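The lines below spell out each chain.
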Amino acid sequence: MSGRSRRDRPATRCTVTVCRGCCCGTAAKVPRLDHEAQLTELRTALAGVATIRRTDCLDACERANVIVIQPSAEGRRAGGRPVWLGQVNDPDAAADITAWVRDGGPGVIEPPGVLDLYAFRPSRRVRAELHDE
C-alpha cells in the first residue's frame with residue numbers, strides 16, 4: 001500500500017465543491033434562490049459521475065454562490081486545473097456546470113462559453129486552502 005494519503009491521491013472523477021458558508025447558501029445574501037434545492041439538484045444530476053462536497057466558507061463571499069470544479073485524474077493528466085465559478089445563482093448556470101462535468105470537466109473538455117461569465121481566480125491563499133495549487 002502506498003504511503004500517500006487519500007487526500008494526496010488525485011480523484012478518479014471530478015469533484016464539485018459547493019460553498020455553503022456564511023454568505024453562499026443564505027437567503028440573506030442571495031434571496032431568490034432555493035440553495036438546498038440547488039445542492040440537491042447537483043447531487044442528483046451528478047450521482048455516479050462526480051463527487052459533490054458541501055463546504056463551509058471558501059472566502060470569496062463577494063461572489064456568492066461559489067462552486068469549484070476540480071478535475072478528474074484524467075483531466076489532471078491532460079493539464080486541467082480547478083475552475084472557480086462565482087455568482088452561480090441561476091438554474092441555467094447550474095445546468096451548464098452539470099452538463100460540462102458530465103462530459104468530463106476541466107482538462108477533458110472545454111467549459112461552455114457561458115461559464116466564462118462566472119469564472120474567477122481567487123487569491124493564492126484561498127486556492128491553497130482547497131489544495132488546488
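For the structure, see preceding data.
Given the structure is predicted, the values throughout are model-derived calculations rather than measurements.

Novice: Please clarify how the sheet that holds strand β4 (residues 83–85) should be interpreted in this entry.
Specialist: Hydrogen bonding along the main chain pairs the strands of a sheet, whether they run parallel or antiparallel. The mixed open sheet is built from 5 strands, whose spatial order is β2-β1-β3-β4-β5. Each having just a single partner strand, β2 (51–55) and β5 (119–120) make up the two edges of the open sheet. Sitting on the sheet, helix α1 (residues 35–45) is in contact with β1 (15–19), β2 and β3 (67–70), with an inclination near 155 degrees to β2. Contacts from helix α3 (residues 91–102) reach β1, β3 and β4 within the one sheet, and its direction differs from that of β3 by about 10 degrees.

Novice: Whenever I open this one, the pattern of salt bridges confuses me. Can you help?
Specialist: Once their charged atoms are close, side chains differing in charge can pair, the charge on each being opposite to the other. Inspection of every chain in the model, using the stated rule, returns 1 salt bridge. Notably, a salt bridge pairs Glu 36 with Arg 54, separated by 3.0 Å at the nearest N-O pair. In this pair, Glu 36 sits in helix α1 while Arg 54 sits in strand β2, placing the two residues 18 residues apart along the sequence. Overall, Glu 36 belongs to the partly exposed group, its relative accessible area being 39%.

Novice: Could you clarify how one ought to interpret the pairing of β1 in this entry?
Specialist: Where a strand is regular, its side chains alternate between the two sheet faces. Within β1, 5 of the 5 residues are buried, which leaves it mostly tucked inside the rest of the structure. On β1, burial covers both faces: Thr 15, Thr 17 and Cys 19 on one face and Val 16 and Val 18 on the other are all buried. By the bridge criterion, 5 bridges tie β1 to β2 in an arrangement that is parallel. In the sheet register, Thr 17 faces β2, and the bridge partner there is Arg 53. As for the winding sense of the linkage, the β-α-β connection from β1 through α1 to β2 is right-handed. Here 4 bridges tie β1 to β3, and the two strands are oriented antiparallel to one another. For Val 18, the partnering residue across the bridge sits in β3 and is Ile 67.

Conventions we followed
Residues numbered from 1 in each chain as written. Predicted model: local features only at pLDDT ≥ 70, side-chain atom pairs only at ≥ 80, totals over all residues. Heavy atoms only, no water. Pairing = 2+ DSSP bridges. Helix = DSSP H or I, 4+ residues; strand = E, 2+ residues; numbered from the N terminus. Contact = heavy atoms within 4.5 Å. Axes fitted to C-alpha atoms, helices over the stretch in contact; angles between N-to-C directions. Salt bridge = Lys/Arg side-chain N within 4 Å of Asp/Glu carboxyl O. Buried < 20%, exposed > 50% of the residue type's maximum accessible area, 1.4 Å probe, protein only. Right-handed = clockwise from strand over helix to strand, strands pointing away.

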